[in-house]
Amino acid sequence: MDIMHADSDITFNNRIEHFLIRWGYRRGEHRVAPGLYAIGNPGRDSPVFVTANYRLSFDALRAALKGIDGYVLVLDTFGINVWCAAGKGTFGTEELIRRIEATGLAGVVSHKKLILPQLGAPGVRAPEVTKRTGFRIEYGPVRADDLPAYLKTGKATPGMRRVRFPLWDRIVLIPVELVGFALPAIVLAIVAFLGPGWLAALGLVTAVLGGTVLFPALLPYLPTKDYSTKGLLLGILLSLPYAVYQLATGLPGDWKTYASTLMFLLAMPPVTAYLALNFTGATPFPSRTGVRKEIYTYIPVIAGMAALGALMAVVLTAVKILEMI
Amino acid sequence: MMFNSYRQNTLELYPDRCIGCGMCANVCPHAVFTIGDRQPANLLASRRVASLANKEACMECGACQMNCPVAAIRVQSGVGCAAAMIKAALTGGPEVCGEGGCCGSGEGGNTSCCGPAK
Ligand code: SF4
Ligand code: SF4
């Protein structure tokens, strides 16, 4: 099979595509043709790196290989990143073996070593690949950026082996979160506007922005380990100004003042908490066992609060309508 | 500590089988394993052996189990994604993380898996 060529330059067009990917545009269609690529001027001793056929994965790798001659073996992961594809098994033992054979890799290089991204390990049985193809697998660092340092020493430091989730990594997820929840949020905001009124609509939008924008940004700073309680706390914090405003501007002693205060306190936190719980899948920490436990513990609380909050909204809306006629 | 659902997980290590190769420590993204001398030393087993230094940090990705050459590790791997689990619970379908679409976060789109509401 032919060897394709690629370089380390990230072009303006690449950057535009990266930007569109961040916003969730045509998800799953940002693919690179699977196969063997030459970067720079590789020879028979040059290292072989393996990656996914997702645009961001491939570009991160080739950018990191600036000034390094090597081969890149791109697996067909259906346009999904290494980590996620490994979890699904598409960045996996079978596809790797198939790709090694289809590209005739054994005839291209004289050595028997493949460098895989560490985060591809959940999908690959290294001993089996060696047994069936003769190629040994070395897991490189988690981040492609660390590859040059790794290649120099041939060893990944403990720091290179740890997955982290720094601010920038969390920030880049916000657009996709926003796009994903925009439609239901707009619909609910309109309902809230037609119901209790514009302040309720604003509260709802605040709670959604809290869960989709503030939550990812503030993740490590919010107290408690559980995502749901982090989200609940953030939601309560966001609902307080609304509650205080109701108490300050409503008629003192009027039950409607208290009902609308309660509405904000009860309806906003579960929205943020639910979005927070949803964010678990986008982070590299929570185990399935733990997330399941969270679901069983907090979904009843979240649903209960939301139901009571909605009840307040319905009652207030009904009274408003009755007063109008 | 309250509000911590992540104290327990399904990770299990069988030191008797371990040959101390260090692969698990290499692949684990959360430094769950350390490799040290076997205590007490056992002439019939390897000198080096893996131990669980930080079991609670395990995210059940399955990398260690997949790559251990002697099947000394067991973990029920899966993705810790509430969206997928809630959807699976509601529809009775399998737990998949977004059809054809993982959002792909930083590190070259390598660290995060399911995005929101797919
Ligand atoms: S399952 Fe993943 S996170 Fe857990 S110990 Fe194994 S490699 Fe580490
Ligand atoms: S990969 Fe398996 S054999 Fe190797 S150190 Fe870890 S537990 Fe032991």
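Heads up: the structure comes first, above all this text.
Residues numbered from 1 in each chain as written. Chains lettered and ligands numbered in written order. Predicted model: local features only at pLDDT ≥ 70, side-chain atom pairs only at ≥ 80, totals over all residues. Heavy atoms only, no water.

Participant: Is there a simple way to think about the overall build of chain A in this case?
Facilitator: Each helix and strand in chain A was counted, giving 14 helices and six strands. Scaling as 2.2 N^0.38, a compact globule of 325 residues should have a C-alpha radius of gyration of about 20 Å, whereas chain A reaches 26 Å, well beyond that. When its C-alpha atoms are laid out on the principal axes, chain A stretches across 85 × 35 × 30 Å. For chain A, with 325 residues in total, the buried portion stands at 53%. Nonlocal contacts in chain A, meaning residues at least 24 apart in sequence, comprise 70% of its contacts between residues at least 6 apart. Just so you have it, chain A exposes about 14,600 Å², and 67% of that area is on carbon and sulfur atoms. Across chain A, 32 positive and 22 negative side-chain charges occur, with their mean positions spaced 5 Å apart. (Helix = DSSP H or I, 4+ residues; strand = E, 2+ residues; numbered from the N terminus. Rg over C-alpha atoms; globule rule 2.2 N^0.38 Å. Buried < 20%, exposed > 50% of the residue type's maximum accessible area, 1.4 Å probe, protein only. Contact = heavy atoms within 4.5 Å. Areas by Shrake-Rupley, 256 points an atom, 1.4 Å probe, with all protein chains shown as cover. Lys, Arg positive; Asp, Glu negative; His and termini not counted. Charge placed at Lys NZ, Arg CZ, Asp CG, Glu CD.)

Participant: Would you mind going over helix 3 (residues 82-91) of chain B with me for this structure?
Facilitator: Residue pairs three or four apart in sequence face the same way in an α-helix, which turns once every 3.6 residues. By the burial criterion, the buried members of helix 3 of chain B are Ala82, Ala83, Ala84, Met85, Ile86 and Ala88 of chain B. Contacts from the buried residues of helix 3 of chain B go to helix 13 (255-278) and helix 14 (288-324) of chain A. In the segment just after helix 3 of chain B, Gly92 of chain B is the residue with positive phi, at about 75°.

Participant: Would you mind going over the site of ligand 1 with me for this structure?
Facilitator: Around ligand 1 sit Leu11, Cys28, Pro29, Val32, Phe33, Cys58, Met59, Glu60, Cys61, Gly62, Ala63 and Cys64 of chain B, and those are all the residues in its vicinity. Grouping the constituent residues of the shell around ligand 1 by class yields ten nonpolar, one polar and one charged. (Near = heavy atom within 4 Å. Nonpolar A, V, L, I, M, F, W, Y, C, P; charged D, E, K, R; others polar.)

Participant: Where do I start with the interface of chain B and chain A in this structure?
Facilitator: Of the residues lining the interface, 57 residues belong to chain B; the matching set on chain A comes to 63 residues. Carbon and sulfur atoms make up 58% of the area that chain B and chain A hide from each other, which totals about 5,100 Å². Here chain B is connected to chain A by zero salt bridges. Across the contact surface, chain B and chain A share 19 residue pairs in polar contact (both at pLDDT 80 or more). Mapped by element, the contributors of at least two residues to the side of chain B that touches chain A are helix 1 (23-27), helix 2 (63-67), helix 3 and helix 4 (106-109) of chain B. Class assignment of the residues belonging to the side of chain B that touches chain A gives a composition of 28 nonpolar, 25 polar and four charged. (Buried area = accessible area lost by both parts, 1.4 Å probe. Salt bridge = Lys/Arg side-chain N within 4 Å of Asp/Glu carboxyl O. Polar contact = N/O pair within 3.5 Å; in protein donor to acceptor, adjacent residues only side chain to side chain.)

Participant: For this particular structure, what's the right way to read the site of ligand 2?
Facilitator: Around ligand 2, the structure places 15 residues, and the nearest of them are Cys18, Cys21, Gly22, Cys24 and Cys68 of chain B. When its residues are assigned to classes, the shell around ligand 2 shows 13 nonpolar, two polar and no charged.

Participant: How should I be thinking about helix 10 (residues 174-194) of chain A in this particular structure?
Facilitator: Residue and element names in this part refer to chain A. Relative to the 30 Å expected for 21 residues at 1.5 Å per residue, helix 10 spans 28 Å between its end C-alpha atoms, a close match to the ideal helical length. Along its length, helix 10 shows its largest kink, about 50°, at Ala182, and proline Pro184 lies within four residues downstream of that point. All of the buried residues along helix 10 are Ile174, Pro175, Val176, Glu177, Phe181, Ala185, Ala189 and Ala192. Buried residues along helix 10 sit against helix 1 (12-22), helix 9 (167-171), helix 11 (198-218) and helix 13. (Expected span 1.5 Å × (residues − 1). Bend = angle between axes of the 7 residues up to and from the residue.)

What is shown is where atoms sit, not what they do.
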